[in-house]
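Letter by letter, the chains look like this.
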Amino acid sequence: MEKKPVRLYNVIFPFWLILFWPTPPVILLTLFGNLAIDCLVVFLALLVLKHPARGSVLKRCWWKVWLFGFLSDLIGALWLALGMLGAWALEAGGAGWVSDFAMAMTVNPFRHPPALAWTAIGVAIAGVCIYFLDRRVFRRTPELDGRQSHVLALTLAVVTAPWLFLVPMYLG
């Protein structure tokens, strides 16, 4: 009787999933880390814009920016999960390249061009969501004009997009 080799392609989860893993220390670190980064980015962008009411703008919208950042990251993560589910479905159908795609998405997206493209699209989707959601928040902030709300939303979208999606767990 011939033994069939065991493949463990989908056992290793991507590094960025740690951000959504429901353990108290990770959740607290993620929550407060994102809060600090979001507030710092808003404050520094307002500083560069030489806005006189930095404190009141930050006080008025910090929690919305924070909440919409998480929502946007979740939307980007759902895009990546869709790619993984599609890969698993195609793998069951016998497509050989799919296992390489799935492995690259979970371990190192730079090893497989379609996995890198899929992951970069996920980062971009999250960034676009951050921009539009935060732009909506800043447009409703009376201390900001249209240009300032655009600059703040764009800065948050670029700086706080989920770049960790691209961080390889393994370089081999």
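Refer to the structure printed above.
Note that this is a predicted model, so its numbers are computed, not measured.

## Notes on a positive patch on the surface
- Positive charge collects at one region of the surface, where Lys64, Arg136, Arg139 and Arg140 lie side by side.
- Here Arg139 is to be found in helix H4 (residues 113-139).

## Considerations on the environment of Arg147
- Mapped onto the secondary structure, Arg147 falls in helix H5 (residues 146-159).
- Arg147 sits in the exposed class, given a relative accessible area of 56%.

## What to know about unusual backbone geometry
- A positive phi angle, close to 55°, is found at Lys50, a residue other than glycine.
- Take Lys50: it is sitting in the loop between helix H1 (24-48) and helix H2 (54-92).
- Judged by relative accessible area, which is 70%, Lys50 ranks as exposed.

## Let's talk about the packing of H1 against H5
- Axis separation between H1 and H5 bottoms out at 10 Å; the angle between their running directions is 135°. By the criterion of interaxial angle, the relationship of H1 to H5 is oblique. Between H1 and H5 the crossing geometry is right-handed. The segment H1 lies against H5, with Asp38, Val41, Val42, Ala45 and Leu46 engaging Leu152, Thr155, Leu156 and Val159.
- Considered class by class, the residues forming the contact of H1 with H5 number seven nonpolar, one polar and one charged.

## Details of the nonpolar core
- Counting 21 residues, the largest nonpolar core has Val42, Leu46, Phe138, Leu144, Leu152 and Leu156 as its most contacted members.
- At six residues, H1 tops the list of elements feeding residues into this core.
- Ignoring anything within four residues of it in the chain, the contact list for Leu144 reads Leu46, His51, Val57, Phe138 and Leu152.
- Membership of the second largest hydrophobic core comes to 14 residues, among which are Ala77, Val98, Ala104 and Ala115.

## A word on a nonpolar patch on the surface
- A surface patch of nonpolar side chains, about 330 Å² in accessible area, is lined by Leu40, Phe43, Leu44 and Leu47.
- As for its position among the elements, Leu44 is in helix H1.
- For Leu44, a relative accessible area of 41% translates into the label partly exposed.

## Considering the packing of aromatic side chains
- One pass over the structure, following the stated rule, counts five aromatic pairs.
- Summarising the aromatic geometry, the rings of Trp66 and Phe70 are spaced 6.2 Å apart at their centres and angled 65° between planes, so their arrangement reads as edge-to-face. Note that Trp66 and Phe70 are positioned in helix H2 at a spacing of four residues, about one turn of the helix.
- Note on Trp79 and Trp118: the rings are 4.1 Å apart at their centroids and 15° apart in plane angle, and the pair reads as stacked. In this pair, Trp79 sits in helix H2 while Trp118 sits in helix H4, placing the two residues 39 residues apart along the sequence.
- Of the residues examined, Trp79 reaches a relative accessible area of 22% and is grouped as partly exposed.
- An aromatic cluster of three or more residues is present, and its members are Trp62, Trp66 and Phe70.

Procedures and definitions
- Residues numbered from 1 in each chain as written.
- Predicted model: local features only at pLDDT ≥ 70, side-chain atom pairs only at ≥ 80, totals over all residues.
- Heavy atoms only, no water.
- Patch = residues over 30% accessible without salt bridge, like charges linked within 9 Å, V, L, I, M, F, W, Y side chains within 5 Å.
- Areas by Shrake-Rupley, 256 points an atom, 1.4 Å probe, with all protein chains shown as cover.
- Salt bridge = Lys/Arg side-chain N within 4 Å of Asp/Glu carboxyl O.
- Lys, Arg positive; Asp, Glu negative; His and termini not counted.
- Charge placed at Lys NZ, Arg CZ, Asp CG, Glu CD.
- Helix = DSSP H or I, 4+ residues; strand = E, 2+ residues; numbered from the N terminus.
- Buried < 20%, exposed > 50% of the residue type's maximum accessible area, 1.4 Å probe, protein only.
- Axes fitted to C-alpha atoms, helices over the stretch in contact; angles between N-to-C directions.
- Parallel < 35°, antiparallel > 145°, perpendicular 65-115°, else oblique.
- Left-handed = near helix turned anticlockwise from the far one by under 90°.
- Contact = heavy atoms within 4.5 Å.
- Nonpolar A, V, L, I, M, F, W, Y, C, P; charged D, E, K, R; others polar.
- Core = buried A, V, L, I, M, F, W, Y, C linked by side-chain atoms within 4.5 Å.
- Phe/Tyr/Trp six-rings, centres within 6.5 Å; stacked < 30°, edge-to-face > 60°.

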